[in-house]
Amino acid sequence: MEDSHTLEFRLPDLGEGLTEADLVSWSVAVGDTVELNQTIAEVETAKAQVALPCPFAGRVVELLAEPGDTVPVGAPLIRVQTDASVAAPPAQRQSVLVGYGPDDEPTSRRTRLPANNAAGSQDSAIVRPDPQGYPEIPGRPPATPAARKLARELGIDIAFVAGSGPAGAVTVEDVRHAVPVSQPPKRIRPEEESEDAPRPVPRPVPVMRPDTGIIHPTPTTRESRTPVSGVRKRSAAAMVASARTIPQASAFVTIDFTASMELLDHLRATESFAGLSLTPLALVAKATLAAMAEFPGINTFWDEDNKEIVTKHYVNLGIAVATDRGLLVPNMKEAQSLSLRELCREIGWLADVARSGSATPADLRGGTFTISNVGVFGVDMGVPLVNPGEAAIMCLGSIRKRPWVYRDELAVRWVTELGLSFDHRMIDGELAARFLASVSSLLEDPLTLLGRV
């Protein structure tokens, strides 16, 4: 029989200081044949969704994680059986992904399977601690890692969950079907029942109140739990850091946006903006960039280690984008040098890559100032939190027709609000107010932007 090797692919270092990733989906299954550099899975980090290529060709013999699992960098993901001619990657291997550095740990040696092992021949190079691959913890039942994780999140003692997996191992579905009760159920193991006997699965039972006849769901159906991972986990950590470490203040201004709306209507009809989605956000971004050139103290960073205020003479303008995965803030580099047409194109592109999940870590890092457009949701104004590493964030509210005193007469005008949240360690109230007034002045008379270009 031809010799073979079973090679183990571990989650690579994806760069940006990331230490873990969530497995989104597998592109292969056990028994599939994979080619060199074929995509085998998609993982989601705190910053982006990444496709993982396989660094060797062969047949998939084991998937070591399930979709939804959080996998630490360096943890095994998949085992692939290759021909003997395919050597295992050396310790100082070349990167297969950006940021995938060489493994500092020595290559582990694994005991060969005995000849009578049912899993394969004596030429196989990998053995596992137990026949099913699920680690048995003394005094606790066998269970998949994903099942243990879910049980911890739901507050369920896995010792009282009947396992339906191989050798009685508890699976994710077993945990999901488990219902907490006042007395722990007797654990049913495969050896205690016949193969054909149906396995009881506890289900929530609605309760009817006799006095009203109204059916009330059991407590397990009244709420659900969602593991915090990926973008949501990163965003939550950033917001906690913002609230705890940045002394924040806010300022607001209500402005007549009519002239800006008229300018946008005029520009949309020109050939230069044909095919582009010219929105008020693009014009607000242009006015903000122009005002930042006048007030560079807005574009700063608090260096806690050196106790210094760092003024940045470039603007990486972040645009907050709501996605199915959570809030993302991709940014356009060197935005201070972009024309209105270029800003329009870049904003559209950033929103598309964020919502599609194709934003790279480079798109999401290095921002110096952010704009959040809550107006698209019909909200008049919000008080956003400053992103860590920045000094301020602008909020654009909804743009509506409202009564307004224009040239000493009551008129119906397009009106909106702008809000500015800022780090009070670096930005005083006067600086924030003057900056916000400058932005509003440019938007009330947008032709004055021509003098700032």
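Above this text sits the structure in question.
Residues numbered from 1 in each chain as written. Predicted model: local features only at pLDDT ≥ 70, side-chain atom pairs only at ≥ 80, totals over all residues. Heavy atoms only, no water.

J.: What's the story with the nonpolar core in this structure? I'm lost.
T.: One recurring pattern in soluble globular proteins is that nonpolar side chains are buried together. Membership of the largest hydrophobic core comes to 58 residues, with the highest contact counts inside it found for L317, I319, M332, F369, L418, F435 and L443. The element that contributes the greatest number of residues to this core is helix α5 (residues 280–294), accounting for 10 residues. Ignoring any residue separated from it by four or fewer positions in sequence, one finds F435 in contact with T288, A291, M292, F295, I298, F369, M394 and L420. With 22 residues, the next largest nonpolar core counts V34, C54, V60 and L77 among its residues. (Core = buried A, V, L, I, M, F, W, Y, C linked by side-chain atoms within 4.5 Å. Buried < 20%, exposed > 50% of the residue type's maximum accessible area, 1.4 Å probe, protein only. Helix = DSSP H or I, 4+ residues; strand = E, 2+ residues; numbered from the N terminus. Contact = heavy atoms within 4.5 Å.)

J.: I keep staring at the pairing of strand β13 (residues 308–311) and nothing clicks. Help me out?
T.: Consecutive residues of a regular strand have side chains that alternate between opposite faces of the sheet. Bridge analysis of strand β12 (residues 300–303) against β13 gives 4 bridges, and the strand direction is antiparallel. Following the sheet pairing, W302 is matched in β13 by I309. In this structure, the hairpin formed by β12 and β13 is closed by a connection of 4 residues, where K307 is found at a positive phi of approximately 55 degrees. (Pairing = 2+ DSSP bridges.)

J.: Quick question: what am I supposed to make of the packing of α5 against helix α6 (residues 340–356) here?
T.: Any two packed helices are characterised by the angle at which their axes cross and by the distance between the axes. Interhelical geometry of α5 versus α6 gives an angle of 125 degrees and a closest axis separation of 9 Å. Comparing the axis directions of α5 and α6 gives the class oblique. Seen along the crossing, α5 lies across α6 with a hand that is right-handed. Every residue of α6 that contacts α5 at L281, A282, L283, A285, K286 and L289 is listed here: L340, L343, C344 and I347. Looking at the contact of α5 with α6 residue by residue, the classes come out as 9 nonpolar, no polar and 1 charged. (Axes fitted to C-alpha atoms, helices over the stretch in contact; angles between N-to-C directions. Parallel < 35°, antiparallel > 145°, perpendicular 65-115°, else oblique. Left-handed = near helix turned anticlockwise from the far one by under 90°. Nonpolar A, V, L, I, M, F, W, Y, C, P; charged D, E, K, R; others polar.)

J.: So what exactly am I meant to see when it comes to the packing of aromatic side chains here?
T.: The geometry of two aromatic rings is summed up by the distance between their centres and the angle between their planes. Counted under the stated rule, the structure contains 1 aromatic pair. Summarising the aromatic geometry, the rings of F369 and F435 are spaced 6.2 Å apart at their centres and angled 70 degrees between planes, so their arrangement reads as edge-to-face. Highlighted residues: F369 in strand β18 (residues 369–373) and F435 in helix α8 (residues 429–444), separated in sequence by 66 residues. One exposure class covers both F369 and F435, and it is buried. Sitting above the plane of the F301 ring, K312 keeps its charged end 5.3 Å from the centroid. Across from the ring centre of Y406, 3.6 Å away, lies the NZ or CZ of R413, which sits over that ring. (Phe/Tyr/Trp six-rings, centres within 6.5 Å; stacked < 30°, edge-to-face > 60°. Lys NZ or Arg CZ within 6 Å of the ring centre and 35° of its normal.)

J.: What exactly am I supposed to notice about unusual backbone geometry here?
T.: One non-glycine residue, K307, adopts positive backbone phi at about 55 degrees. Checked against the element boundaries, K307 lands in the loop between β12 and β13. On the basis of relative accessibility, which here comes to 56%, the residue K307 falls in the exposed class. Despite not being glycine, R407 shows a phi value in the positive range, around 55 degrees. With respect to the helices and strands, R407 occurs in the loop between β20 (400–406) and β21 (409–423).

J.: I tried to follow the side chain of E417 on my own but got confused; where do I start?
T.: Tracing the backbone through its elements, the reader meets E417 in strand β21. Salt bridges are absent for the buried E417, whose nearest opposite-charge side chain, R402, sits at 4.3 Å. Once you skip the residues sitting within four places of it in the chain, E417 turns out to touch V253, T254, D380, M381, C395, L396, G397, S398 and R402. (Lys, Arg positive; Asp, Glu negative; His and termini not counted. Salt bridge = Lys/Arg side-chain N within 4 Å of Asp/Glu carboxyl O.)

J.: Please explain α5 as it appears in this structure.
T.: A turn of α-helix holds 3.6 residues, and therefore any two residues three or four places apart point the same way. Over its 15 residues, α5 runs 22 Å from end to end, which matches the ideal 21 Å to within 8%, given 1.5 Å per residue. Among the 15 residues in α5, 13 count as buried, and that is most of the element. (Expected span 1.5 Å × (residues − 1).)

J.: Help me understand the sheet that holds strand β5 (residues 49–53) in this model?
T.: Pairing between the strands of a sheet comes from backbone hydrogen bonds, and it takes one of two forms, parallel or antiparallel. Pairing within the open sheet is antiparallel, and its 4 strands lie in the order β5-β4-β2-β7. The sheet terminates laterally at β5 and β7 (70–72), the two strands that pair on one side only. Neighbour to neighbour, the strand axes of the sheet diverge by 40 degrees on average, direction disregarded. Relative to β7, strand β2 (residues 20–26) runs antiparallel, the two sharing 3 bridges. Its bridge partner lying in β7, D22 is registered against T70.

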